[in-house]
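Chain and residue survey
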Amino acid sequence: MKKKIIFMLINMNIGGTEKALLNMIEELSRKSFDITILLLEQKGDFITSIPKDVKVEYFKGYESIKNTLKKPLHLVAIDLFYKRKIIKALTILFIYSVCKIRNDRRYLFKYLLRNYERTACEYDVAVAYAGPMDLISYFVINKIKAKKKLQWVHFDISKIGFNNYFASKIYKEFNKIFVVSEKAKDKLVSTLPELEDKIETFTNIVSSKMILKMANEGEGFRDNYNGLRILTVGRLSKEKGQDLIIKVLAKLKEAGYEVRWYCLGDGQARSEYELLIKEYKVESDFILLGAKTNPYPFMKECDIYVQPSRHEGYCITLSEARCFNKPIICTNFTGSSEQISQYETGIIVDFNEGKLFSAVKEIIDNKNLRNKIKGNLEKELIETVNEIDKLIQLV
């Protein structure tokens, strides 16, 4: 008899969390599993990448509560007063006071989800996959019927807005908490030591075989550029650090290097970065390519791969780039040293303009170092599909 498993996350925008889920689903046998994905939002370019035999459902009430969740509650209450919805405004003010005093948004979630019934279907496993995302964690615990419940943590909790009190209350209800890297796991354990027995590492699933196959199926660079191509892949946002590489490219051009830097990804910071590109006068050589569901042809064709993130949990794009045996430079985010051996399979630097510039310059100038890194990456097996056994054993 098939086991029923449901994964809940925000949407299917192009990102590491969503890609990791698609990779995991690829490894789950349809003979053994009946898979459902529950999304808060019906959006994202990766929706079309969900296999047709996977059920996709949407939380229909999300749009009506989204504003209340994202906006400061006292401002929500003021808006309601202006609209003459006095009782609702007073209720929100009361909830705002309780949440602030107790530093606990469970009261808000309980109010917003009060009319949402528990799922009629009972699952064998329910997964809060977009963690930490407090609403999803709360929803999985309180609104989904399941024999076992899992929490996934994709981030370095010391670098994001992580509510320790909320997590201590909600996470204890889960049977298992999976964290995507050893260092990220250590930080969660130090924050919630009482839950240590439930916390385990689950590295994002990467299949080099699938990645290399997709690299030969898609289309890469089309600009007929003859200089060195540097590539960065990731959502355009502050935590991914693209603002740093715009400045580094300006320094490289000033130093006379014939390079062009390409960014795959889209996001809220795009307009800010476009202004920064103009400010540093690199419009011709810093290319925003937008989001691509298949970034692998670009990884295959680039000369150098750079991951400049301010913070990560486990950087799946870094894992993917390693499959192509190209010189790699990344910043010293959580999990980077679990993937890169310093000056053996890449270079890890602090998040610093000068240090990143020096590392790129060194890779360009030092042919022996480039060849050494390529040779060492060729010997590595970039394959983490066996991680799926941890999930299968739980089920």
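Going by the structure above, here's the rest.
Residues numbered from 1 in each chain as written. Predicted model: local features only at pLDDT ≥ 70, side-chain atom pairs only at ≥ 80, totals over all residues. Heavy atoms only, no water.

Notes on the packing of helix α10 (residues 242-254) against helix α11 (residues 270-279)
Keep this limit in mind: Orientation is described by lines fitted to C-alpha atoms, with helices fitted over the stretch in contact, and by angles between N-to-C directions that extend from 0 to 180 degrees. Going along the chain from the N terminus, every DSSP run of H or I of four or more residues is numbered as a helix, and every run of E of two or more is numbered as a strand. Angular relationships are summarised with four words: roughly parallel below 35 degrees, roughly antiparallel beyond 145, roughly perpendicular across 65 to 115, and oblique for the angles in between. Rotating anticlockwise by less than a right angle from the far helix to the near helix defines a left-handed crossing, while the corresponding clockwise rotation defines a right-handed one. Any two residues whose heavy atoms approach within 4.5 Å at even a single point are treated as in contact. Three categories are distinguished: nonpolar for Ala, Val, Leu, Ile, Met, Phe, Trp, Tyr, Cys and Pro, charged for Asp, Glu, Lys and Arg, and polar for the others, with Gly belonging to the last.
Look at α10 against α11: their axes get within 10 Å of each other, and the N-to-C directions meet at 15 degrees. With respect to α11, the element α10 is oriented roughly parallel. Classified by chirality, the crossing of α11 by α10 is right-handed. For the pair formed by α10 and α11, the contact residues are Gln 242, Asp 243, Ile 246 and Lys 247 on the first element and Tyr 273, Leu 276 and Ile 277 on the second. Per-class residue counts for the contact of α10 with α11 are four nonpolar, one polar and two charged.

Quick word on helix α16 (residues 367-379)
As a reminder of what qualifies: A helix's residues, less one, multiplied by 1.5 Å, set its expected span. Each residue is placed in one exposure class: buried if its accessible area under a 1.4 Å probe, protein chains only, is under 20% of its type's maximum, exposed if it is over 50%, and partly exposed if it falls in between. Throughout, the arc means that of the directions going from the helix axis to the C-beta atoms. What qualifies as a polar contact is a pair of N or O atoms within 3.5 Å, subject to a donor-acceptor requirement within protein and to the restriction that residues adjacent in sequence count only when both atoms come from side chains.
With 13 residues, α16 ought to run about 18 Å at 1.5 Å a step, and its terminal C-alpha atoms sit 19 Å apart, in line with that. Taken together, the buried positions of α16 are Leu 369, Ile 373, Asn 376 and Leu 377. Down the axis of α16, the smallest arc covering the buried residues is 100 degrees, so these residues share one side. Exposed side chains of α16 directed beyond 90 degrees from the buried face belong to Lys 367, Asn 368, Glu 378 and Lys 379. One side-chain oxygen at the N-terminal end of α16 lies 3.2 Å from the backbone nitrogen of Asn 368; it belongs to Asn 366.

Side note on the sheet that holds strand β8 (residues 228-233)
For clarity, the threshold we go by: In this scheme, strands are said to pair when DSSP sees at least two bridges between them.
In spatial order, the strands read β10-β9-β8-β11-β12-β13; together these six strands make up an open sheet with parallel pairing. Lying at the two open borders of the sheet, with one neighbouring strand each, are β10 (286-290) and β13 (347-349). On average, each strand axis in the sheet is inclined to that of its neighbour by 20 degrees, with strand direction left out of account. Sheet topology note: the β8/strand β9 (residues 259-264) ladder contains six bridges and is parallel. Bridged to Leu 228 within β9 is Val 259. Here α10 sits on the sheet in contact with β8, β9, β10 and β11 (304-307), set at roughly 170 degrees to β9. Across the sheet, helix α15 (residues 353-365) touches β8, β9, β11, β12 (328-331) and β13, and the angle it forms with β13 is around 165 degrees.

Points about the state of the cysteines
Inclusion rule: Note that a disulfide, as used here, is simply two cysteine sulfur atoms within 2.5 Å.
The final tally for this structure, using the stated rule, is zero disulfides. Not part of a disulfide, Cys 263 finds its nearest cysteine sulfur in Cys 302, a span of 12 Å. Of the cysteine sulfurs around Cys 315, a residue in no disulfide, the closest is that of Cys 330, at 7.9 Å.

A look at the packing of aromatic side chains
We apply this condition: Note on ring pairs: Phe, Tyr and Trp rings are taken, using the six-membered ring of Trp, and paired if centres are within 6.5 Å. Classes follow the plane angle, with under 30 degrees stacked, over 60 edge-to-face and the rest tilted. In this analysis the charged atom, NZ for Lys or CZ for Arg, is taken to sit over a ring once it is within 6 Å of the ring centre and within 35 degrees of the ring normal.
With the rule as written, the count across this model stands at 14 aromatic pairs. Through a chain of ring-to-ring contacts, the aromatic side chains of Phe 7, Tyr 129, Trp 152, Phe 178 and Phe 202 assemble into a single cluster. Sitting over the face of the ring of Tyr 111, Arg 114 holds its NZ or CZ atom 4.0 Å from the ring centroid. Lying over the aromatic face of Phe 357, Lys 251 brings its terminal NZ or CZ to 5.6 Å of the ring centre.

Concerning the sheet that holds strand β1 (residues 3-9)
Backbone-to-backbone hydrogen bonds join strands into a sheet, with any given pair of strands oriented parallel or antiparallel. Spatially, seven strands are ordered β3-β2-β1-β4-β5-β6-β7 in an open sheet, and the strand pairing comes out parallel. With one partner strand each, in any of the chains shown, β3 (55-58) and β7 (199-201) form the two edges of the open sheet. Between one strand axis and the next, the sheet turns through 25 degrees on average, direction left out of account. Relative to strand β6 (residues 176-179), strand β5 (residues 145-153) is paired through four bridges, and the arrangement is parallel. Within β6, the position partnered with Leu 150 by the bridge is Lys 176. Of the strands in this sheet, β1, β2 (33-39) and β5 touch helix α1 (residues 16-27), which is tilted by about 170 degrees from β1. Strand contacts of helix α6 (residues 134-143): β1, β2, β4 (122-128) and β5, with the helix running at about 165 degrees to β4, the strand carrying the most contacts.

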